[in-house]
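# Analysis of the macromolecular model
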Amino acid sequence: MHSKKGGIPLIYTVTLNTAIDKVLQLYEPLTRKKNNRIKQVTYDIGGKATHVSVVLSQLNIPNVATGFVGEENGHRLVDMLEDKGVQCHFVSQQGSSTRETIVMVDPSGKGSFMITENGFEVQPSTYQRLLEKLNNRVTSEDIVVFAGSPPIGFTLVQFQELVAVVSKKGAKVVLDVKGDWLKEAIQWKPFMIKPNEYEMEELVGRKLQGVKEYEKQILRLLDKGITYVFVSLGKKGSLVGYKNHIYRVVPPKVQEVNDTGCGDVFVGAVVAGMVQELKVEDMLKRATAMSASKANHDNSSDFSIEQTMNWMEKVEIEKWNIKEVH
Ligand code: TA6
């Protein structure tokens, strides 16, 4: 674990259901009843919060990647993370294997296909080890990022316990989760949430038509005490609620090679911007440009800092006072 230096927050990224991504580059778009030829196979980091750690490490921001890995193959994920400068402290479960996510991309640029295994069931003793790790390590200065789907059989009560143990310390909690977990988490007043447009509709329980409807929901969530509310709109960009402003962020048009991991890179860059105390607009520009750079790379976790810096000024941001919006 990083040695604590007073005043510098340490960021913990928690991936409860880690994954190893098997990225298949196809010659042509997937076609039924045809032998779809593979051009290239690469393995990469998977599991959402792990990607947040990659961004933080590439920006030289102290962080630790934790959560659960299977002992059989978890070292492959750890090796890939350590190759990118990430300090790993996963809880490893004996006799289990970290799941594989198959990501299929083709030259169409119309988006990837993702096919993911369930992963292993976390045993009570394994869960306790993570709970104790967070309880012993996290301090009020720290930020804890939970991102990705839950393991099979992992309960909402267990998730709530993990979030509660770090919240009680006074740490800021960032949640990139969906469904019942997101619904439940709203009442815990997390520091930041990042549903996509479909997860926002799921949260509200109905279809949302147009930006204004999303913004109304963002205001409702800000009123519940959440500090940052992001709604990712994919290629269309994102809507951001913070204090008494709504930001409409539009990314630069880039050639999409593989959209996998774009949202996670965005979260990583936002958290980095918070730690570096960037102006909100600069934080959003960098996060959006970095997410666009990820889309321009063919695996799940790569992006270019140079591309990010070049594309930042191509990001369009509109800032609205919430009184103007509704
Ligand atoms: O967001 C990208 C990614 O982390 C992929 O690398 C793949 O592992 C997948 O998402 C896992 O998502 P899940 O929601 O199942 O945790």
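The following paragraphs examine the structure supplied in this document.

Each value, and the rule that gives it
Residues numbered from 1 in each chain as written. Predicted model: local features only at pLDDT ≥ 70, side-chain atom pairs only at ≥ 80, totals over all residues. Heavy atoms only, no water. Near = heavy atom within 4 Å. Polar contact = N/O pair within 3.5 Å; in protein donor to acceptor, adjacent residues only side chain to side chain. Areas by Shrake-Rupley, 256 points an atom, 1.4 Å probe, with all protein chains shown as cover. 1 Å grid on protein atoms, 1.4 Å probe; cavity = no way out; pocket = protein on both sides within 12 Å on 5 of 7 lines; lining within 4 Å. Sits in = over half its atoms within 2 Å of the grid points. Helix = DSSP H or I, 4+ residues; strand = E, 2+ residues; numbered from the N terminus. Nonpolar A, V, L, I, M, F, W, Y, C, P; charged D, E, K, R; others polar. Core = buried A, V, L, I, M, F, W, Y, C linked by side-chain atoms within 4.5 Å. Buried < 20%, exposed > 50% of the residue type's maximum accessible area, 1.4 Å probe, protein only. Arc of directions from axis to C-beta. Contact = heavy atoms within 4.5 Å. Pairing = 2+ DSSP bridges. Axes fitted to C-alpha atoms, helices over the stretch in contact; angles between N-to-C directions. Salt bridge = Lys/Arg side-chain N within 4 Å of Asp/Glu carboxyl O. Parallel < 35°, antiparallel > 145°, perpendicular 65-115°, else oblique. Left-handed = near helix turned anticlockwise from the far one by under 90°.

## Overview of the site of the ligand
By nearness alone, 15 residues border the ligand, and Asp21, Lys48, Arg99, Ser149 and Asp264 come closest of all. In the model, an oxygen atom of the ligand is placed 2.9 Å from a nitrogen or oxygen of the Arg99 side chain. Between Thr101 and the ligand, the recorded distance is 3.5 Å, taken from a side-chain N or O atom to an oxygen atom. Protein chains bury 93% of the 390 Å² of accessible surface belonging to the ligand in isolation. Judged by the proximity of its atoms to the pocket grid, the ligand belongs to the largest pocket. When contributions to the shell around the ligand are tallied by element, the ones reaching two or more residues are strand S2 (19–26), strand S3 (38–46) and strand S7 (99–105). Per-class residue counts for the shell around the ligand are 3 nonpolar, 8 polar and 4 charged.

## What to know about the nonpolar core
Met192, Tyr228 and Phe230 are the most contacted members of the largest nonpolar core, which totals 48 residues. At 8 residues, helix H8 (residues 262–275) tops the list of elements feeding residues into this core.

## Re helix H2 (residues 74–83)
Taken together, the buried positions of H2 are occupied by Gly74, Leu77, Val78, Met80 and Leu81. Relative to the axis of H2, the buried residues are bounded by an arc of 160° and lie together on one face. In the core, the buried residues of H2 are packed alongside S2, S3, helix H1 (49–58), strand S4 (63–70) and strand S5 (87–88). At the C-terminal side of H2, Gly85 shows a positive phi close to 85°.

## A word on the sheet that holds S2
Spatial ordering of the open sheet is given by S3-S2-S7-S8, a layout of 4 strands whose pairing is mixed. Only two strands of the sheet have a single neighbouring strand rather than two, namely S3 and strand S8 (113–116). For this sheet, the mean inter-axis angle between neighbouring strands, taken without regard to orientation, is 20°. Across 7 bridges, the pairing between S2 and S7 is parallel.

## Description of the pattern of salt bridges
This model, assessed by the stated rule, comprises 12 salt bridges. Across the salt bridge formed by Lys285 and Glu313, the nearest N and O atoms sit 3.3 Å from each other. Taken together, the residues Lys285 in helix H9 (residues 280–295) and Glu313 in the loop between helix H10 (305–312) and strand S15 (316–321) connect sequence positions 28 residues apart. Classification of Lys285 by relative accessible area gives buried; the value is 18%. Through salt bridges with shared partners, one network takes in Glu215, Arg248 and Glu318.

## Description of unusual backbone geometry
The phi angle at Lys189 is positive, at roughly 55°, despite the residue not being glycine. With relative accessibility at 52%, the residue Lys189 sits in the exposed group. Of note in this structure, Lys243 is not a glycine but carries a positive phi near 50°. In this fold, Lys243 is placed in the loop between strand S13 (238–242) and strand S14 (245–250). A residue is classified by how much of its surface remains accessible, and Lys243, at 59% relative accessible area, is exposed.

## Things to note about the packing of helix H3 (residues 124–137) against helix H4 (residues 156–167)
Running from N to C, H3 and H4 point in directions that differ by 15°, and their axes come no closer than 9 Å. For the element pair H3 / H4, the angle class is roughly parallel. Note that H3 runs across H4; the crossing there is right-handed. When H3 is examined against H4, the residues Tyr127, Leu130, Leu131, Leu134 and Asn135 are found in contact with a partner set consisting of Gln158, Glu161, Leu162, Val165 and Val166. For the contact of H3 with H4, the residue count by class is 7 nonpolar, 2 polar and 1 charged.

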